[in-house]
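One letter stands for each residue in the lines below.
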Amino acid sequence: MLLQNDLIEYGDPLARTIRLLWLNPTQSVGFAIDINAHDAAPELVQLHALQNDLQSGRSRLLTADPYLTIVEETSLPELRKRRRDHAWQIVEGLVCDEPEIYYPRHRAKRVADCVAAGWTTRATIYLYLRRYWQRGQTPNALIPDFAKSGGKGKARTANVDIKRGRPRKLGELPGLNVDEDIRQVFRVAVARYYTTQIKFTLRGAYDQMIKDFFCDRTIDPETGRVTHAPNGDVLASGFPSFGQFNYWLEQDHDRLDIKRERLRPRIYDKDLRGLLGTSTAEVWGPGARYQIDATIADVYLVSRTDRNKIIGRPVLYVVIDVFSRMIVGIYVGLEGPSWVGAMMALANTASDKQAFCMQSGREIEVEDWPCHHLPATILGDRGEIEGRMIETLINNFNVTVESAAAYRADWKGIVEQRFRLIPAKFKPYVPGYIDVDYRARGGKDYRLDAVLDLDQFTQIVIECVLYYNNHHELKRYDKDRDLAADNIPTVPIDLWNWGIANRSGSLRQYPEELVRFSLLPLEEATVTLNGVRLRGLFYTCQRALEERWFDRARQRGNWKVTVSFDPRNLDEIYLHDPVAPMQFQVCQLTERSRAHRQISVWELGQMQDTEKQISAKRQPRQQLAAADLSASIEGIVSGAVKQKGEPSTESAAKRTRNIRVNRANEKQLNRGAETFRFQADPSSPASGKSADVLQFPSAAPDDYSEPDITEILGSTPSHDDKP
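This structure is a prediction, so every number in the text was calculated from the model and none was measured.

Asker: Please give an account of the overall build of the chain that cites residues and values.
Answerer: A count of helices and strands for the chain gives 24 helices and 20 strands. Relative to its 723 residues, the chain shows a buried fraction of 36%. For the chain, restricting intrachain contacts to residue pairs at least 6 apart in sequence, the fraction spanning at least 24 positions comes to 58%. Within the structure as shown, the chain displays about 45,900 Å² of accessible surface, and the carbon and sulfur contribution to it stands at 51%.

Written out as structure tokens, the structure is:
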């Protein structure tokens, strides 16, 4: 069914859009007008013909009216209101005369009467009527099109002789018109200097453009001094002004796009983009998602063993529940932001907080910090929780791990904000806290004020966490409907308890030892004849000895086993049991690796790198020594070949027949040179007397040496010895 003000669009060949102005209630006819024609007038149409066109597809009914706009009366300028009201006063009596006003003769007579009454001209009345009918038949359809005045956004055609814009008040040169060639220079300057080089300000980019594109460069041959002068294009008119450069930058570029390129997209997206979403809307209750992050605390600590020694700033890890904003785990230590620190913080989330606080001398009730669970999802930094080290936790406890993109701390903004709240509580009271004037000229060296050790600072952090969890009101917490209906205070402990009662299901509790074991890094070790080898160190355990692993490795070859280890100390590794996934055997270092006791993975890597460096430095000398050795051997062999002389003409059998005899003679000769002889003291009385020697019958000498193979073979009679 067709209605008044319906828009019907025709395609080719008509290519027009008509608006139904009036429908005859008794006949299938009406009046319509082309909404795009400048000289359009109402025309009589057959409604059944329009229906047929719609059904056949020759036309279609538009649902969006291009002229229908909702204008707030208070925001409409007074001039436009007066123009609209004046036009409506003229046409109000005419448009009510339906359907006679749609007929040309009657309309012409009524318009002539208005002109005769002195209201306005004939052309203006027809303009008002046409605008009223084409734009929806409402009084606001008569609002003048001031937005189309002046050609806003359209570039003016430059005149060669006449300067566009207001004349310059200062300076002698008239200025130049910016044509397409100069606009292209502006674009190149913006892209070359301003967009990609953050060291250039906009004014600096303009100055550089003037120097590079609108000046001639001259070098004095005597002094070498470089000077610049305006080139021929701008000599008569002058340089483009900074205002022109700035204006065309606005026309040809988007300031926000330029700013994003100058700061780099990752910095812009992190610090300057709009924030439409909320982390709370992505979770359904406590434990749905934890966020973990680390920071280096702005306070210097002293050693627990010698309080005069400053040990630097500690690392603070915080794990927070997204739904309730409850801090569910912390780690305060000296391990840098890495997997080790994240491992300790995640282990703390599953630990008993009452026992944890008791280690620092703080007694609490279970209700004060009732968080000892693992979540459904963990969100953290890529460098800490991305990789193989967390796969055991994922597979054993079905925890989903999400990592934020690089340089996108805003993806875990909830935990990032806690690093502002927690230090704000202890900052005024802690000596050694770094203030804003640290390292400034004349500023105080806060390192010298350090008095807290690691345990005492941990106690302060625990107190701050307890205050935050139980008393801090979240002013900007975005509640959902159920939470708001129950009038729950936006305090983390109240949100946590409400979520446990109404939306629990994501929290899982596991033995603390198993969680810690699952957080240890996982690696493959090799069973060898010397022990279980991991990163060049060798280990043994009771199971390997009982099952004689090392004997089997020597006889049958090496094989791989899965182990876990604590990167901070490699004295022990934990051998996984393939039959019982959560069981393990403790392996100890063997004596072969005794030099590497009490060291970490990083220290081991440094030691091994040092050994490789030493070996690499010795390699050239070793190579030269090996070359000298080869040359010496070759020289000796060459001398032996020369001493041997010409080859013997005797047969091979004859030359090898008397090897045993030859060996005995050579041995006897060699003994004369090898015998130990000691020089007698010349002052001894018996030194000049010769002893009487009794000769005994000689017998075959025995040298008491084991016979070689030639002697054994020689003792067997040969065919030549047969009679």
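The discussion continues.
Asker: Requested: an account of the sheet that holds strand S1 (residues 7–10), with residues and values cited.
Answerer: Within the open sheet, the five strands sit side by side as S4-S3-S2-S1-S5. Their pairing is antiparallel. For this open sheet the edge positions go to strand S4 (43–46) and strand S5 (59–62), each flanked by a neighbour on one side alone. Recorded for the sheet is a direction-independent mean angle of 40° between the axes of neighbouring strands. As paired elements, S1 and S5 share four bridges and run antiparallel to each other. Across the sheet, residue Tyr10 finds its bridge partner in S5, namely Ser59. Across the sheet, helix H1 (residues 47–56) touches S1, strand S2 (16–23), strand S3 (29–34), S4 and S5, and the angle it forms with S4 is around 65°.

Asker: Describe the packing of aromatic side chains, and please don't skip the residues or the numbers.
Answerer: A full pass over the atoms with the stated rule returns 17 aromatic pairs. Between Tyr206 and Phe242, the aromatic rings sit 5.5 Å apart at their centres with planes inclined by 80°, giving edge-to-face as the arrangement. Here the residue Tyr206 occupies a position in helix H6 (residues 202–213), and Phe242 occupies one in helix H7 (residues 242–252), the gap between them amounting to 36 residues. For the ring pair Tyr574 and Phe584, a centre distance of 5.6 Å and an interplane angle of 85° mean the geometry is edge-to-face. Here Phe584 lies in strand S20 (residues 584–589) and Tyr574 lies in strand S19 (residues 569–576), a separation of ten residues in the sequence. Since its relative accessible area comes to 38%, Phe584 is described here as partly exposed. Grouping aromatic residues by their ring pairs yields a cluster made of Trp22, Phe31, Tyr102, Tyr103 and Trp133. In this structure, Arg203 packs its charged tip against the face of Phe242, placed 4.8 Å from the ring centre.

Asker: Talk me through the pattern of salt bridges; I want residue IDs and the actual numbers.
Answerer: The full count for this structure, using the stated rule, is 25 salt bridges. Linking Asp252 and Arg187 is a salt bridge whose minimum nitrogen-to-oxygen distance equals 3.5 Å. Of this pair, Asp252 sits in helix H7 while Arg187 is found in helix H5 (residues 180–195), placing the two residues 65 residues apart along the sequence. Look at Arg187 and you get partly exposed, because its relative accessible area is 23%.

Asker: Just give me the short version of the packing of H5 against H6, but keep the residues and values in it.
Answerer: The description of two packed helices rests on the angle between their axes and on the distance between the axes. Across the interface, H5 lies against H6 with an axial gap of 9 Å and an inter-helix angle of 120°. Classed by the angle they form, the pair H5 and H6 counts as oblique. The hand of the H5/H6 crossing is right-handed. Between H5 and H6, the residues in contact are Val185, Phe186, Val188, Ala189, Arg192, Tyr193 and Tyr194 and Leu202, Ala205, Gln208, Met209, Asp212 and Phe213, respectively. Of the residues assigned to the contact of H5 with H6, the class counts are ten nonpolar, one polar and two charged.

Asker: Go over helix H21 (residues 601–644), please, and point to the residues and values.
Answerer: Between the first and last C-alpha of H21 there are 61 Å, a value that for 44 residues agrees with the 64 Å anticipated at 1.5 Å per step. The largest bend in H21 amounts to roughly 40° and is located at Gln619, with the proline Pro620 lying one to four residues further along. A positive backbone phi angle near 75° is found at Gly645, which sits one or two residues after H21.

Asker: Just give me the short version of a nonpolar patch on the surface, but keep the residues and values in it.
Answerer: A contiguous nonpolar surface patch, about 380 Å² in accessible area, is contributed by Leu629, Ile633, Val637 and Val641. For Ile633, the position within the fold is in helix H21. Ile633 gets classed as partly exposed once you look at its relative accessible area, which sits at 47%.

Asker: Tell me what's going on with the side chain of Arg84, and back it up with residues and numbers.
Answerer: In this fold, Arg84 is placed in helix H2 (residues 78–95). Classification of Arg84 as buried rests on a relative accessible area of 8%. If we ignore the near neighbours within four places in the chain, the residues touching Arg84 are Glu73, Leu76, Pro139, Asn140, Leu142 and Ile143.

Asker: Residues and numbers for the pairing of S2, please.
Answerer: With six of eight residues buried, S2 lies mostly within the body of the structure. As paired strands, S1 and S2 are joined by four bridges and run antiparallel to one another. Bridging from a neighbouring strand, Ile8 pairs with Ile18 of S2. Between S1 and S2, which pair antiparallel one after the other, the connecting turn spans five residues, and Ala15 there sits at a positive phi close to 55°. The pairing of S2 with S3 spans five bridges and is classified as antiparallel. In the sheet register, Leu20 faces S3, and the bridge partner there is Ala32. Counted between consecutive antiparallel strands, the loop separating S2 from S3 contains five residues.

Conventions we followed
Residues numbered from 1 in each chain as written. Predicted model: local features only at pLDDT ≥ 70, side-chain atom pairs only at ≥ 80, totals over all residues. Heavy atoms only, no water. Helix = DSSP H or I, 4+ residues; strand = E, 2+ residues; numbered from the N terminus. Buried < 20%, exposed > 50% of the residue type's maximum accessible area, 1.4 Å probe, protein only. Contact = heavy atoms within 4.5 Å. Areas by Shrake-Rupley, 256 points an atom, 1.4 Å probe, with all protein chains shown as cover. Pairing = 2+ DSSP bridges. Axes fitted to C-alpha atoms, helices over the stretch in contact; angles between N-to-C directions. Phe/Tyr/Trp six-rings, centres within 6.5 Å; stacked < 30°, edge-to-face > 60°. Lys NZ or Arg CZ within 6 Å of the ring centre and 35° of its normal. Salt bridge = Lys/Arg side-chain N within 4 Å of Asp/Glu carboxyl O. Parallel < 35°, antiparallel > 145°, perpendicular 65-115°, else oblique. Left-handed = near helix turned anticlockwise from the far one by under 90°. Nonpolar A, V, L, I, M, F, W, Y, C, P; charged D, E, K, R; others polar. Expected span 1.5 Å × (residues − 1). Bend = angle between axes of the 7 residues up to and from the residue. Patch = residues over 30% accessible without salt bridge, like charges linked within 9 Å, V, L, I, M, F, W, Y side chains within 5 Å.

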